[in-house]
Every structure is written in structure tokens, then in C-alpha cells.
Amino acid sequence: MTNNSNKDAYDEVFASLEKHNKWFEDSIPLIASENIPSPAVREAIISDFGNRYAEGWPGERVYAGCTYIDEVESQCMELAKKLFKSEFADVRPISGVVANLAIYSAFSNPGDVMIAPSIPAGGHISHGKKEHSGTAGLVHGLEIEFFAFDSDEMNIDVEKTKTKVEELKKQDRLPKIAMFGGSVFLFPHPVKELADFLKSYDMHINYDAAHVAGLIAGGEFQDPLREGVDTMTMSTHKTLFGPQGGLVLAFEKNADAIKKATFPGLTSSHHIHHMAGKAITFAEALEFGHDYATQTVKNAKALAVALNDSGFKVLGEKKGYTQSHQTVVNVLDYGDGGKIEADLEKANIIVNRQLIPGDLKAKRHYMHPGGIRLGSSEVTRLGMKESEMQQIASFIKQIVIDNKNAKEIATQVTEFRKSFQKTQYCFDNKLGAYEYVKLR
Ligand SMILES: *Cc1c(COP(=O)(O)O)cnc(C)c1O
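Residues numbered from 1 in each chain as written. Predicted model: local features only at pLDDT ≥ 70, side-chain atom pairs only at ≥ 80, totals over all residues. Heavy atoms only, no water.

### Re the nonpolar core
Part 1 of the reasoning: Of all hydrophobic cores here, the largest spans 75 residues; its most connected members are Phe 84 and Tyr 207.
Part 2 of the reasoning: Looking at this core, the element that brings in the most residues is helix H11 (residues 272-309), giving 9 residues.
Part 3 of the reasoning: Apart from residues no more than four positions distant in its own chain, Phe 84 is found in contact with Ala 213, Ile 216, Ala 217, Leu 225, Arg 226, Met 232, Met 234, Leu 240, Leu 247 and Leu 249.
Part 4 of the reasoning: Of all hydrophobic cores here, the second largest spans 40 residues; its members include Ile 31, Leu 303, Phe 312 and Phe 420. (Core = buried A, V, L, I, M, F, W, Y, C linked by side-chain atoms within 4.5 Å. Buried < 20%, exposed > 50% of the residue type's maximum accessible area, 1.4 Å probe, protein only. Helix = DSSP H or I, 4+ residues; strand = E, 2+ residues; numbered from the N terminus. Contact = heavy atoms within 4.5 Å.)

Set out below in C-alpha cells:
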């Protein structure tokens, strides 16, 4: 890019970082997989924990120097168990993908079959096939079969899934693992309806709560550990508003298998500073998580209704659009998801293009899919309520349907954002949500 000195390159990196923070201060962040952690979590992340190793389990480390790390990690596990009413928590997986790999490693062998949602039906690439470079297939050698999906209901089809499993049994391809959860996740999955059936075939049932963990913690979505799953995996930074990281929850009987998979199987350093950030997040979620989750879902619904009223085709209409933080819109009347994503970005509205049911059959792929996905998680964290969702829907309509000038809308967006600069639903918020902290 440039031929400048090392110091110039160094300065350029910092300039980009500062510009990024400023941009987000002025924008409407609607990526459903993102959120903003509290200033307290940011403080934990810059502590010296980020420079240490603590391999193993509290009290059984392989290095010295872990006294305070052990205190925090024990607290972190206790808080995670309390938050999710879980018998066991492994707080070490460094991401949602690594948490899923811990489940694959602990409860299956390469060559086994897993049943999961397909990607156009909302599944995540970490549940995917080898030929798509999905983690389950590529890294652990699992064969992938898909749940039957009903795109009117935007949910797993219970009866057709049962038929499919019986077919798989006849072919001697009975899944070892059943994976619920996904990345397009509007309505609770039918865990209660399928758990006994899947267990009668000895399947290990995991629920990937990467997207909806904060809603589950707040008592707003479903309660997988009480509905029949064996284990639950998640990211800690989507609706659960923590640092980037992962978490595995389980019943005591599966604890040992998970512990070994996480270490030494899948981590050496488990990013101790992020572990401390998770502890802070769990405490915040115990205190504020219910109010946050309730408002997040209300906001997603308000956004869906307002977009529908503006003329957009919002998915899940039959079921009231959404029961999560997500709103998914079919934008084929106005172009494709890739174009709309780019148009909105010019107006400082940050969304992602999204594969929706029917895309693959119509030969649309992920660069130019039929939809966009919007998340209410971050704007809710900034204190926005239903009336702000109507304003956001109006900005989106003006860009996508009315083809208004993006620069003009961007100016209005920046003005609109001025009243929402602090992180809410946390104990302390002295620092602005996107305030750039200079330590140099
Ligand atoms: C985001 C996501 C993941 C991956 O999480 P990372 O923390 O980014 O590794 C896994 N599963 C689902 C369903 C997701 O949406």
C-alpha cells in the first residue's frame, strides 16, 4: 500500500483504529452477531491477564503465577453456572467455533454423522460440510445431514425430521450428534418436541446458542438445558454482551469429556483477559440481563413491523416476524442483499447480506443473496427503544425504496446517534461506548 517508514505504518494503524471508533459512534450498528461490551469489560481486557498462560484447571495449573487468575476463573465458572442454571461450565473455549469443536471432539469421531440446520435454513458454517469448508466436516471429519426445514414457519420441521432420521437409520447413517441453533434464528427451535425422539437413537444433543445466549440468560427465548439438550455452546459476544469468546455448558456427567477436549485438545492459552471479561459480563447479565433481553426482542419486533409497514417483505410473517434479536428481510424487489448492504453502509447503517430460504435453488450465493439480516442487540445496548426502531426503519426505507441520497441520510443518522453514546445495562458506564482510549 505505502512505502513509508515503520513509524508511518505504526501511525497509520492507530489512525485507522481511531477513525473506526469515530465511524461507529456516528453509525447504526445492526450486525446481529455483534454487540458492545461495557467499559468494565474493556478494562478487564487490557489487564496483565492478557499476557499470561494458565493452562489446565484452577488449582491444577502447569505454571506458577496463577493465584489471581485462579480466583477470577473460579468466580467466572460460578457466575456462568448461576446465569444459565447449569451444573458445569467450561469458560476456556476462545470462541463459539472452538466451543463447537469441543463438543465434536468429546462426543463423536471422524466419520460419524451429525444432523444440523443447513446454512440457508440458518445454520452456521461451523456445523457445515467438508466440501463447504465447514468446521464440522473439514476439521473433525463429520458427515453432515440437515434437519428438514419449513420456510413458512422459519423453523425446523419436526415430523419431516423424524422421518429423515428413520431413513438415515435404514441407511446405517444414524447421527451421533444433533445440533440445534443457528445464525439466522428468529424462533425457538423445537428442542422439547424432538429431544426424546433423538435420545431414543442415542444422539448427543447440543444447542448452539451463539446468537441467542443473552436472550436465554435473560429468560426471553427458550431454555435448552431444561428442554432436553445435553450440552450448550455459545459465543460470549453476540446477544450476550461480553468480550469475544466461547463457553460450553453441560451436566456434570459430561464434564470430564469436555474439560479434556478444551485443554489440551483445543487450547493452550485460553486468552485469560477475555476470560476475566466473561466473568464481568456474567455478573452484568445476572443483574441487567432480563431487562436487556426483553427490550432487545421488543425492538426486533418493532423494527420488523415498521419495515413491513414501509413496504418491505419481512420473513417469518406467519409467526409475527421474530422472537429473537433478529429481523430478516427479503430485498429481491430492490436488488440483492450484497447491493443493499453496500448502499446502506454509505448511509452509515451497518447490516449484513444474508442467504435466505430459496436462494441456493435460485442459484444465488452468499455474495449476492436474497436477504439482509438486522440485529437489535447493539442498538438496544445503547439505550434505544421502539420509537428509535421506527426511525431506523424510516432511514432504511429512504435508502432502499426511495433511493434518497446516502450522504444526506448519513448526516441525519449521525445526528440521530448523538443521544446514544453510552453503554446501558451495566454497573458502570463512565467511558463512552465507542470512546477511543489512548494509552501511548
Ligand atoms: C457466530 C456463530 C458461531 C461462531 O462463533 P465465534 O465466536 O465467532 O467463533 C458459532 N455458531 C453460530 C450459530 C454462530 O452464529
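### A look at the sheet that holds strand S13 (residues 313-314)
Part 1 of the reasoning: Pairing is antiparallel across the open sheet formed by 4 strands, whose spatial order is S13-S14-S17-S16. The open sheet terminates on both sides in strands that have one partner only, identified here as S13 and strand S16 (352-354).
Part 2 of the reasoning: Examined bridge by bridge, strand S14 (residues 326-330) and strand S17 (residues 371-375) share 5 bridges and lie antiparallel to one another. Looking at the pairing, Thr 327 lines up with Leu 374 of S17.
Part 3 of the reasoning: Packing against the sheet, H11 makes contact with S13, S14 and S17, and its axis sits at approximately 20 degrees to S14. (Pairing = 2+ DSSP bridges. Axes fitted to C-alpha atoms, helices over the stretch in contact; angles between N-to-C directions.)

### Notes on the side chain of Ser 310
Part 1 of the reasoning: The residue Ser 310 is located in the loop between H11 and S13 in this model.
Part 2 of the reasoning: Taking the relative accessible area as the measure of exposure, Ser 310 reaches 19% and is therefore buried.
Part 3 of the reasoning: Not counting residues up to four positions away in its chain, the partners in contact with Ser 310 are Lys 397 and Ile 401.

### Some thoughts on the layout of surface pockets
Part 1 of the reasoning: Estimated volume of the largest pocket: approximately 1100 Å³.
Part 2 of the reasoning: Every residue lining the largest pocket is counted, 30 residues in all, and those nearest its centre are Asn 21, Ile 36, Pro 37, Arg 42 and Ala 433.
Part 3 of the reasoning: No other element matches helix H2 (residues 39-45), which puts 5 residues into the lining of the largest pocket.
Part 4 of the reasoning: If you add up the space inside the second largest pocket, you get close to 780 Å³.
Part 5 of the reasoning: Taken together, 36 residues form the lining of the second largest pocket, with Ile 119, Gly 123, His 124, Ile 125 and Ser 183 sitting closest to its centre.
Part 6 of the reasoning: Those elements giving two or more residues to the lining of the second largest pocket turn out to be helix H4 (96-107), strand S11 (231-235) and S16. (1 Å grid on protein atoms, 1.4 Å probe; cavity = no way out; pocket = protein on both sides within 12 Å on 5 of 7 lines; lining within 4 Å. Points joined across faces, edges and corners; volume = space filled by probe spheres on them.)

Purely spatial values, then, with no claim about function.
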